[in-house]
2 protein chains.
Amino acid sequence: MTITITAFERSPDGGKGLARDTRVRWALEEVGQPYAVRLVPHAAMQAPAHLRLHPFGQIPTYEEGDLVLFETGAIVFHIAQHHAGLLPDDADARARAITWMFAALSTMEPPILELVIVKFIEGDKPWSKERLPLVLDRIRNRLGQLSVRLGDADWLDGAFSAGDLMMVSVLLRVRASGLLDEYPNLAAYVARGEARAAYKRAFAAQYAINAAPTPG
Amino acid sequence: MTITITAFERSPDGGKGLARDTRVRWALEEVGQPYAVRLVPHAAMQAPAHLRLHPFGQIPTYEEGDLVLFETGAIVFHIAQHHAGLLPDDADARARAITWMFAALSTMEPPILELVIVKFIEGDKPWSKERLPLVLDRIRNRLGQLSVRLGDADWLDGAFSAGDLMMVSVLLRVRASGLLDEYPNLAAYVARGEARAAYKRAFAAQYAINAAPTPG
């Protein structure tokens with residue numbers, strides 16, 4: 001059955017790979033599954049046809065026969081469950097890898113998303129400049145804890161897993177702020193993720209769409 | 001094997017059931033699994049012994065033999081996978097239920113957590129009052145989309161699942177703000193969750209600890 005995902009017709013990041021379809025592309029590349037991409041124009045994100053697939057009007061979505069999924073966590077987990085390569089066979093190790101997926105999305109990403117709010121969404125507000133250091137310190141708190149846990153290991157729990165895929169994807173969002181470089185083991189961890197052939201293919205695929213000159 | 005979870009020795013909410021151990025208690029009650037609780041004093045949350053269980057120094061954790069998990073999403077999923085009652089048997093319905101777990105934690109909860117930041121963590125800042133309506137509107141945006149998707153259904157995708165357990169738990173965190181009552185179908189959805197016998201047992205168990213008079 002053909003797998004079809006959705007992505008921005010034009011990603012706000014201009015091809016830096018930070019839009020969430022990159023996470024799904026990466027997972028599909030890791031397990032060697034081909035996929036089709038349907039690009040959703042900005043104006044169509046909140047339209048009924050897209051909201052039927054994604055109730056919160058975001059990308060990516062995942063279609064495979066009659067199955068429609070949204071949420072990158074759920075999509076990557078679905079891919080990992082049905083194809084070898086992203087979750088260990090041992091039951092306990094598998095549960096721990098899934099834990100890291102949730103940790104990436106529920107514990108690491110929320111303070112990182114606040115950076116978008118303070119810098120861009122509320123970037124013109126009078127409090128933006130004074131608030132920024134508070135937001136950065138909340139991110140540092142989480143990065144510091146993750147850095148301690150990772151230590152000098154290559155991946156979070158033994159072999160590379162969907163948990164690392166998700167954590168690296170989330171950490172990539174904070175790199176532009178410079179914070180990641182304050183934790184050399186995390187910077188090296190992210191670089192290990194980016195060095196994977198599957199990540200490179202995923203990045204290149206989204207780059208080809210988003211870095212092209214704007215039409216017209 | 002005995003299941004042991006951790007909880008706050010004294011929850012900041014004084015027994016309202018908003019601490020995350022309630023979600024795990026609820027899941028264990030739904031599937032009829034007994035469990036032990038180890039209370040973690042505030043001062044011990046960031047101590048090495050607890051950080052070995054939970055790298056981010058939070059509660060709950062989950063121990064079962066040699067397996068140690070953190071993140072409520074991962075713990076509830078683990079429980080749901082090993083015991084009947086929280087995930088449908090049909091593969092597609094199961095993937096959709098897991099999608100709602102991730103949606104609750106990754107899409108609905110982050111804007112709701114911002115409410116804690118603006119009201120309490122940054123409650124003494126000069127921007128707090130002016131920022132509050134912006135935070136509320138971001139929550140309204142998500143509640144509105146969820147309300148449309150739920151419609152007049154009892155649960156998010158057919159039968160009650162771990163996705164509903166997580167979504168109801170997240171929505172309970174916004175009730176005190178009054179926002180939930182702006183969406184009557186969501187308020188009724190949350191009330192349906194609270195009316196479940198398993199939720200009532202979970203709530204009572206955490207209430208017995210947290211609503212007791214402070215010692216000394």
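For clarity, every value in this text was computed on a predicted model and none was experimentally measured.

### What to know about the domain arrangement of chain A
All names here are of chain A. When its domains are assigned, chain A resolves into domain 1 (3–85 + 198–210) and domain 2 (91–196). Inter-centroid distance (C-alpha atoms) of domain 1 to domain 2 is 21 Å. Contact with domain 1, which involves 15 residues of that partner, is made by 19 residues of domain 2. Buried surface at the junction of domain 1 and domain 2, summed over both partners, amounts to about 1,500 Å²; 62% is from carbon and sulfur atoms. Between Glu30 and Arg196 there is a salt bridge, and its shortest N-O distance comes to 2.7 Å. Connecting domain 1 to domain 2 are 6 residue pairs in polar contact (both at pLDDT 80 or more). Secondary-structure elements contributing two or more residues to the side of domain 1 that touches domain 2 are helix 1 (21–30), helix 3 (72–82) and helix 8 (197–210). Partitioned by chemical class, the residues of the side of domain 1 that touches domain 2 number 8 nonpolar, 3 polar and 4 charged.

### Considering the relation of the copies chain B and chain A
Mapping chain B onto chain A calls for a rotation angle of 180° and an axial translation of 0.0 Å; the resulting RMSD is 0.0 Å. Accordingly, the operation relating the two chain copies is best matched by a two-fold axis. A share of 100% of interface residues in chain B that are also interface residues in chain A marks the association as one of identical surfaces.

### Regarding a nonpolar patch on the surface
On the surface, a cluster of nonpolar side chains totalling about 320 Å² of accessible area is made up of Val116, Phe120 and Ile121 of chain A. Counting through the fold element by element, Ile121 of chain A comes out in helix 4 (residues 91–121).

Rules used throughout
Residues numbered from 1 in each chain as written. Chains lettered and ligands numbered in written order. Predicted model: local features only at pLDDT ≥ 70, side-chain atom pairs only at ≥ 80, totals over all residues. Heavy atoms only, no water. Domains from an automatic or database assignment. Contact = heavy atoms within 4.5 Å. Buried area = accessible area lost by both parts, 1.4 Å probe. Salt bridge = Lys/Arg side-chain N within 4 Å of Asp/Glu carboxyl O. Polar contact = N/O pair within 3.5 Å; in protein donor to acceptor, adjacent residues only side chain to side chain. Helix = DSSP H or I, 4+ residues; strand = E, 2+ residues; numbered from the N terminus. Nonpolar A, V, L, I, M, F, W, Y, C, P; charged D, E, K, R; others polar. Least-squares fit on C-alpha atoms with pLDDT ≥ 70 in both. Patch = residues over 30% accessible without salt bridge, like charges linked within 9 Å, V, L, I, M, F, W, Y side chains within 5 Å. Areas by Shrake-Rupley, 256 points an atom, 1.4 Å probe, with all protein chains shown as cover.

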